[in-house]
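Structural features, examined
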Amino acid sequence: MTNAQLAGRANEPLLEVDDLRTYFDTPRGIVKAVDGVSLRVDRGKTLGVVGESGSGKTVLSRSIMNLLPKTNTIREGSVRFEGRELTTMKNKEMRTIWGAEMAMVLQDPMTSLNPVTKIGEQITESLGIHLNEKGKVAKAHAVELLKSVGIPAAERRLGEYPHQLSGGMRQRVTIAIALACSPKLLVADEPTTALDVTVQRQILDLLESQQTQRNMGLIIITHDLGVVAGRADEIAVMYAGRIVERAPTRELFARNRHPYTEGLLRSIPRLHQPSHSRLQAIPGRPPDLVDPPAGCPFAPRCNYAQDKCLTETPVLAPHAAGHEAACHFPVGTTAGQEALARNVAAGRTAAGTPLDSTVLATAGAA
Amino acid sequence: MYVLRRLPSLIATLLAVSILTFLMTSLLPGDPALQILGAENATPEAIAAVRSELSLDDPLPVRYLHWIGDALTGDFGRSYRTNEPVSQAIIERLPVTAEIGLLAIVIALAIAIPVGMLSAYRAGTRTDKVISSTSFGLLAVPNFMVAILLILVFAVWLGVLPATGWVNFTDNPVQNLRSALLPALSLAIAEMAVYTRLLRTDMIATLQQDFVTMARVKGVSNRRILFRHALRPSSFSLLTVAGVQVGAIIGGSVVIETLFAVPGVGRLLLEAVLVRDLLMVQGVALVIAVSYVVVNFTVDILYSYLDPRISHGRSSARV
């Protein structure tokens, strides 16, 4: 391979998702769970996908991984993994990629391990399928994997069942299973949500160190901005099946543009706040994804909402290098300031939502 | 150990079963002595003689202790009518019932497991609907109807299997199997339908579990997911009901054995009840009840094999 070719491969994104749509045909109507998502993950990089429950982030991960049932699912757009189109691949082809090149860690380690199968068997299974390792070789490899994810007495653990391990240990095991065949991309769907806070950090550190060692692409899906804050290279904020803001992590925290991101950031409790300060939640709930209303899906909950927001759906527009947001009146711009000032003066937004007194206070302070 | 911890409750159950069996037959109206003697010989003196010979005048608890003490040594007394030892009659008949019952369960499971899995794997499709409605149809037909249909098809029209009769395994293994097949099939068909439905339901639930997604994402083939990952966690209801159904099969065999003129325990019981052969009824009922309890005890033990959490969970709960 020439240097130019090598450079070309290195520049080629590991995963490129282009205008991915995933709709479910239900008796209630078409649920637009993922509605035109584009994203890109490079080798050795971490993408954080953040959104509250119902924002479509889990469907997005399943859709990227090609795990959704074929019946009653409408899927458009493209998912390219190292240049190979996944959306048209049959399960048979996917099986050579699943586990070997793309792997996944699920939210709840209580349920993502088979309760009636020994841990050793669950790890060696994919070693047998993809690397053709059997017997002693596979066992030795499994021990090595368990050690690498920080499980003490690894040999003994092989013969144990999942219920004999703590939650954190179990999640380490699922990570060991996911890493078994050195995948190029790891999708972690809420990897720490079901765990104790003290264990969460250990698991995130483990994911980070494994990613660096293996130069692996990593997607962390979470509802908690704090989880991806110091770890992701880039963060995509999802709302109602769409990405509403995407930026390099520092940029997002320093200059967020979308009011939803602002709301998420405000709702993180801060240590420097006096105790018993009221946590600033985002009012309301995410919209129903069957027949979403026209205009910006966040408008009913947005302090900045103007008449335009109720009729015109904003698209992602660039704000800085690698920073895009889908908002007509972005936070931190003159247009945004004026919109907020108008709503504060009226005491309500264009969508009819009364402004919270805390917002008025912070707006007044700013 | 799990088995040892369960032993006291097993013994208590067996004790209760033996008392109930004894009471049920002893409290029936009518005098066995009268039956034994026949109406024309039943002078009061003869009746009194027979009653004292059989200790029928002793108080119930004494009679029970006497009976159960002998039963523990394998002596269930002698038939009032034929004077044959009850235990020997049972030992002769039991293998026939056991063979038919076992064959029925094996046939039912051998068909229900793959069909139930297929139905779950293709849930909501035409295959699933055909399997489901067929199961419901088979469930709705009583087993004696099935038996008559089977006789009509296989014995009368096709002439490939005997309609009635029994050949011992030791006499001719092939003929033995042929004579067991139709009775076993008659019992198996309803069982099969139940098992298929149960496995389908549990399997659909299992296939939605995260660990199945996890297995898919490991690159495991569908076949392997179904058999290696999903079957065991889906088979609890199946195992429970199969255990309980052993009782139903023994009970059901009364009808089926009579219909096919097969010399099993069920027919023995029926004949004994008809002629008020008290000790025979007691003995057979006890043997049926005990085998029922033992089978279900075995099923309990099998749970801990199917789900390793059971034995561990209980032991930690007790500490």
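All figures in this text were calculated on a predicted structure; none of them were measured in a lab.

1. What to know about the overall build of chain B
Scanning chain B for helices and strands turns up 14 helices and 0 strands. Moving toward the C terminus, one meets the helices and strands of chain B in the order α-α-α-α-α-α-α-α-α-α-α-α-α-α. Its C-alpha atoms give chain B principal-axis dimensions of about 85 × 65 × 35 Å. Split into buried and exposed, the 319 residues of chain B put 35% on the buried side. Residue pairs at least 24 apart in sequence account for 71% of intrachain contacts in chain B once pairs closer than 6 positions are excluded.

2. Considering helix α9 (residues 197-214) of chain A
Residue and element names in this part refer to chain A. Under the 1.5 Å per step criterion, the end-to-end length of α9 is 26 Å for 18 residues, consistent within 8% with the ideal 26 Å. Residues of α9 that are buried: Ile203, Leu204, Leu206, Leu207 and Gln211. For α9, the angular spread of buried residues about the axis comes to 155 degrees, placing them on one side. The outward face of α9, more than 90 degrees from its buried face, is lined by the exposed residues Thr198, Asp205, Thr212 and Gln213. Close packing links the buried residues of α9 with β3 (46-50), α8 (167-179), β7 (185-189), β8 (217-222) and α10 (225-229).

3. So, the interface of chain A and chain B
Contacts between the two partners involve 24 residues from chain A and, on the opposite side, 19 residues from chain B. Looking at the side of chain A that touches chain B, the elements that each hand over two or more residues are α3 (91-97), β6 (102-105), α4 (109-112) and α5 (119-131) of chain A. With 4 residues, α5 of chain A is the largest single contributor of residues to the side of chain A that touches chain B. By residue class, the composition of the side of chain A that touches chain B is 13 nonpolar, 8 polar and 3 charged.

4. Quick notes on the nonpolar core
Counting 165 residues, the largest nonpolar core has Ala176 and Val237 of chain A together with Val284 of chain B as the members making the most contacts within it. With 15 residues, the single largest contributor to this core is helix α8 (residues 173-207) of chain B. Setting aside anything within four residues of it in sequence, one finds Val237 of chain A in contact with Val50, Gly51, Ile243, Val244, Glu245, His258, Tyr260, Thr261 and Leu264 of chain A.

5. Section: the pairing of strand β1 (residues 15-26) of chain A
Residue and element names in this part refer to chain A. In terms of strand pairing, β1 meets strand β2 (residues 29-41) through 10 bridges, oriented antiparallel. Its bridge partner lying in β2, Thr22 is registered against Val34. In textbook terms, the turn of a hairpin is the stretch between consecutive antiparallel strands, and for β1 and β2 this stretch comprises 2 residues.

6. Observations concerning the domain arrangement of chain B
Residue and element names in this part refer to chain B. One can read the domain layout of chain B as domain 1 (2-72) and domain 2 (88-318). Using C-alpha coordinates to define each centre, domain 1 is positioned 33 Å away from domain 2. Taken together, the contact between domain 1 and domain 2 spans 15 residues of the former and 15 residues of the latter. Of all elements in the fold, only α1 (2-26) and α2 (32-37) reach the threshold of two or more residues within the side of domain 1 that touches domain 2.

7. Focus on the environment of Leu20 of chain A
All names here are of chain A. With respect to the element layout, Leu20 can be found in strand β1. Distance in space between the C-alpha atoms of Leu20 and Ser78 is 5.9 Å, their sequence separation being 58 residues. In contact with Leu20, other than residues within four places in its own chain, are Val34, Val37, Ser63, Gly77 and Val79.

Calculation notes
Residues numbered from 1 in each chain as written. Chains lettered and ligands numbered in written order. Predicted model: local features only at pLDDT ≥ 70, side-chain atom pairs only at ≥ 80, totals over all residues. Helix = DSSP H or I, 4+ residues; strand = E, 2+ residues; numbered from the N terminus. Buried ≥ 20, exposed ≤ 12 C-beta atoms within 10 Å, placed from the backbone. Contact = placed C-beta atoms within 7 Å. Expected span 1.5 Å × (residues − 1). Arc of directions from axis to C-beta. Nonpolar A, V, L, I, M, F, W, Y, C, P; charged D, E, K, R; others polar. Core = buried A, V, L, I, M, F, W, Y, C linked by C-beta atoms within 7 Å. Pairing = 2+ DSSP bridges. Domains from an automatic or database assignment.

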